[in-house]
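If you want the building blocks of each chain, they are given just below.
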Amino acid sequence: MKRISSLELKLHASAFIIGLGLSSPAYFIPIFLQELGASYTLIGVMGGIRSTPYAVLPILTGLIINRRDMRKLYLFSSILSSIGFIILSVSQSYIEIGLANFLLGISMVFYWPVAESIIAEFFPEDTRWKIYSNFSASWSTAYFIGPLLGGALAELTSLRILFAISGIVCAVAIPFIYLMGELRLKNNVEVEIIDRRFLHVWPVYVIVLLFTIGMAFIILLAPSWLYESGWDNFEVGVVFTVFGVMRTLAYVLASRLQKIDEAKTMTLTITLQSIVTFLLFYTSPEVVFPVLAVAGLINGAYFVASFSIISKSVESGYRSMSIGFLESIIGIAFIIGPTFIGLLLDNLGSLAAFTITSIVIASALPLTFILKRR
């Protein structure tokens with residue numbers, strides 16, 4: 001039990017540090033591109049480049065994770081994110097920015113999926129839910145502190161200095177991860193990608209795809225939309241801090257529940273995600289602040305419900321694969337969403353883009369009835 005407590009502490013500490021490094025500049029990369037003259041389409045493409053590794057590699061990671069030292073895989077999240085931000089800080093062309101985003105995308109493959117697999121495999125079943133909630137609270141706390149710090153640094157210095165500092169922060173997590181010790185399963189489970197024992201929860205994967213398109217829009221395009229509408233870097237940082245605070249609150253509240261109705265939670269969060277996406281068309285602070293507060297709550301609640309379904313419905317030995325597949329779906333949504341919505345913004349105008357995106361998200365609602373019947 002002592003080793004588990006030590007492992008949990010190091011896991012939460014490293015999750016917070018890496019999360020702080022990733023989140024501080026996250027909402028300002030689109031603004032950086034906009035200042036260089038990029039269109040919404042190009043901003044969306046760059047977001048897609050960052051998401052491309054997340055669409056493929058989590059599946060491959062899920063295949064090998066049972067046969068490798070998970071600590072070494074988790075280390076890549078710190079190392080690659082540090083390198084990516086350093087490159088971004090000195091970039092002079094869209095190609096260099098694309099390379100930096102690609103490395104950041106790879107680093108995220110070894111962040112959430114690997115950490116969640118560590119929780120699923122190395123902690124007792126009766127404490128797993130609490131540890132997952134605390135882990136989520138750790139990184140999401142960093143994600144609401146980060147934008148505020150990032151916005152202040154960007155205003156006081158420059159975006160390039162912000163990127164460089166973020167790279168240094170990501171590297172600070174390396175000793176915490178290394179001291180976790182070897183994390184290798186004693187009994188290897190051979191999992192094949194053609195094995196379908198994790199695909200019976202397919203409605204969850206489809207719903208995640210459609211829901212996450214809205215989240216991708218909020219994270220990757222909404223900052224540029226607000227900036228173009230007259231918001232400065234600090235104001236953007238503040239409003240996304242509100243988003244992060246409410247997401248953390250959702251994780252904390254979920255950890256105190258004795259039981260969660262996954263189907264009802266998904267129905268409610270999809271409905272609200274569709275509404276808040278449309279309402280972001282209106283850029284006045286009295287609309288944006290409450291809208292992003294609600295967006296933070298529903299994003300936290302939604303992914304708790306998704307993880308709960310997988311942990312209950314997928315048998316031991318296949319959970320890492322299922323988590324990897326789920327994270328890959330999220331990556332695909334982050335490729336499709338920003339590119340698709342960016343094209344809509346550039347060619348059809350903002351009102352049509354926001355309306356169509358809202359309808360796409362709402363199209364996931366019929367699938368929640370399948371979950372209710374199970």
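The coordinates are above.
Just so it is clear, the structure is predicted and the values come from calculations on it, not from any experiment. Every chain is numbered independently, its residues counted from 1 as its sequence is written. Local features in a predicted model are, by the rule used here, given only for residues with pLDDT of at least 70; side-chain atom pairs are given and counted only at 80 or more, and totals for whole chains, interfaces and linings are based on all residues. The side-chain figures draw on all heavy atoms in the structure; neither hydrogens nor water molecules are used.

What is the right way to look at the overall build of the chain in this model?
Numbering of helices and strands runs from the N terminus; a helix is a DSSP stretch of H or I covering at least four residues, while a strand is a stretch of E covering at least two. Within the chain one finds 16 helices and 0 strands. Our radius of gyration looks at C-alpha atoms and nothing else; its globule reference is 2.2 Å times the residue count to the power 0.38. Against the globule reference of 21 Å for 374 residues, the chain gives a C-alpha radius of gyration of 19 Å, in line with a compact fold. Counting only C-alpha atoms and orienting by the principal axes, one finds that the chain spans roughly 55 × 45 × 35 Å. Residue burial in the chain is summarised as follows: out of 374 residues, 58% are buried. Burial classes follow relative accessibility: with a 1.4 Å probe on protein chains only, a residue under 20% of its type's maximum area counts as buried, one over 50% as exposed, and anything between as partly exposed.

Any chance you could explain helix α4 (residues 70-89) here in plain terms?
To estimate the expected span of a helix, count its residues, drop one, and scale the result by 1.5 Å. In this model α4 runs 30 Å from its N-terminal to its C-terminal C-alpha over 20 residues, within 8% of the 28 Å that 1.5 Å per residue would give. Across the 20 residues that make up α4, a large majority, 14, are buried. Its side-chain oxygen at 3.0 Å from the backbone nitrogen of R71, D69 defines the N-terminal cap of α4. Under this definition, polar contacts are N or O atom pairs within 3.5 Å; protein pairs additionally need one hydrogen-donor-capable and one acceptor-capable atom, and for neighbouring residues in sequence, both atoms have to be side-chain atoms.

Please explain the nonpolar core as it appears in this structure.
Note on soluble globular proteins: their nonpolar side chains tend to be buried together. By convention a nonpolar core is built from buried Ala, Val, Leu, Ile, Met, Phe, Trp, Tyr and Cys residues, the set being connected through side-chain atoms within 4.5 Å. Counting residues in each nonpolar core, the largest one holds 112 residues, and the members touching the most others are Y74, F240 and L292. Here the element with the most residues in this core is helix α10 (residues 202-228); it accounts for 17 residues.

Hey, could you run me through the packing of aromatic side chains in this one?
Aromatic rings in a pair are described by how distant their centres are and how their planes are angled relative to each other. Ring pairs are drawn from Phe, Tyr and Trp, using the six-membered ring of Trp, whenever the two centres fall within 6.5 Å, and their geometry is named by plane angle: stacked under 30 degrees, edge-to-face over 60, tilted for the rest. The full count for this structure, using the stated rule, is 19 aromatic pairs. Taken together, a centroid distance of 5.8 Å and an interplanar angle of 65° make the contact between W139 and Y251 edge-to-face. Of the two residues, W139 is situated in helix α7 (residues 125-156) and Y251 in helix α11 (residues 233-255); the sequence distance between them amounts to 112 residues. For the pair shown, W139 and Y251 are each scored as buried. Arranged with centres 6.4 Å apart and planes meeting at 80°, the rings of F278 and Y282 form a pair that is edge-to-face. The rings of F217, W225, F278, F281, Y282 and F354 are connected pair by pair, giving a single aromatic cluster. Over the ring of Y178 we find R71; its NZ or CZ atom is 5.0 Å from the centre of that ring. Two thresholds decide whether a charge sits over a ring: the Lys NZ or Arg CZ must be within 6 Å of the ring centre and within 35 degrees of the ring normal.

Sorry if this is basic, but what is going on with the packing of helix α14 (residues 319-347) against helix α15 (residues 350-362) here?
When two helices pack together, their arrangement is given by the angle between their axes and by how far apart the axes lie. Packing of α14 against α15 leaves a shortest axis separation of 7 Å and a crossing angle of 150°. Considering their axes alone, α14 and α15 lie roughly antiparallel with respect to each other. As α14 packs across α15, the resulting crossing turns out to be right-handed. Here α14 contributes F340, I341, L344 and L345 to the contact with α15, which in turn contributes S350, A353, F354, I356 and T357. When its residues are assigned to classes, the contact of α14 with α15 shows 7 nonpolar, 2 polar and no charged. Axis angles are defined between N-to-C directions and span 0 to 180 degrees, where every axis is a line fitted to C-alpha atoms and, for a helix, only to the segment in contact. Our angle categories are set so that under 35 degrees counts as roughly parallel, over 145 as roughly antiparallel, 65 to 115 as roughly perpendicular, and the remainder as oblique. Note: crossing handedness is left-handed where the near helix turns anticlockwise from the far helix by less than a right angle, and right-handed where it turns clockwise. Should any heavy atoms of two residues lie within 4.5 Å, those residues are considered in contact. Polarity classes work like this: nonpolar for Ala, Val, Leu, Ile, Met, Phe, Trp, Tyr, Cys and Pro, charged for Asp, Glu, Lys and Arg, and polar for all others, with Gly in that last group.

Would you mind showing me how to read the pattern of salt bridges here?
For side chains bearing opposite charge, pairing can occur when the charged atoms are close. By salt bridge we mean one thing: a side-chain nitrogen of Lys or Arg within 4 Å of a carboxyl oxygen of Asp or Glu. The full count for this structure, using the stated rule, is 1 salt bridge. The partner of R71 in a salt bridge is D69, with the nearest N and O atoms 3.5 Å apart. Residue R71 shares its accessibility class with D69, and that shared class is buried.

Before we go on, may I ask you to explain the environment of I336 in this structure?
Within the fold, I336 resides in helix α14. The exposure class of I336 is partly exposed, given its relative accessible area of 41%. Separated by 91 residues in sequence, I336 and V245 place their C-alpha atoms 27 Å apart.

Sorry, what's going on with the environment of L11 here?
Tracing the sequence through the fold places L11 in helix α1 (residues 2-23). C-alpha of L11 to C-alpha of I177: the two residues are 166 residues apart in sequence and 7.2 Å apart in space. Residue contacts for L11: discarding those within four places in its chain leaves Y74, A115, I119, F123, F135 and M180.

How do you make sense of a nonpolar patch on the surface when you look at a structure like this?
Each patch is built from salt-bridge-free residues with over 30% relative accessible area, joining like charges within 9 Å and nonpolar side chains (Val, Leu, Ile, Met, Phe, Trp, Tyr) within 5 Å. The method behind every accessible area is Shrake-Rupley, applied with a 1.4 Å probe, and residues are considered shielded solely by the protein chains displayed. A cluster of nonpolar side chains, namely I332, I336, F340, L348 and I356, defines an oily patch on the protein surface of about 390 Å² accessible area. When residues of the nonpolar patch are assigned to their parent elements, the largest contribution, 3 residues, is made by α14. Here F340 shows up in helix α14.

Explanation requested: the side chain of R247 in the structure shown.
In this fold, R247 is placed in helix α11. Charge counting follows a simple rule: Lys and Arg are positive, Asp and Glu are negative, and His as well as the terminal groups are ignored. The side chain of R247 is buried and forms no salt bridge, while E327, the nearest opposite charge, is found at 11 Å. In this structure, R247 is in contact with W139, S140, Y143, G296, L297, N299 and G300, ignoring residues within four places of it in sequence.

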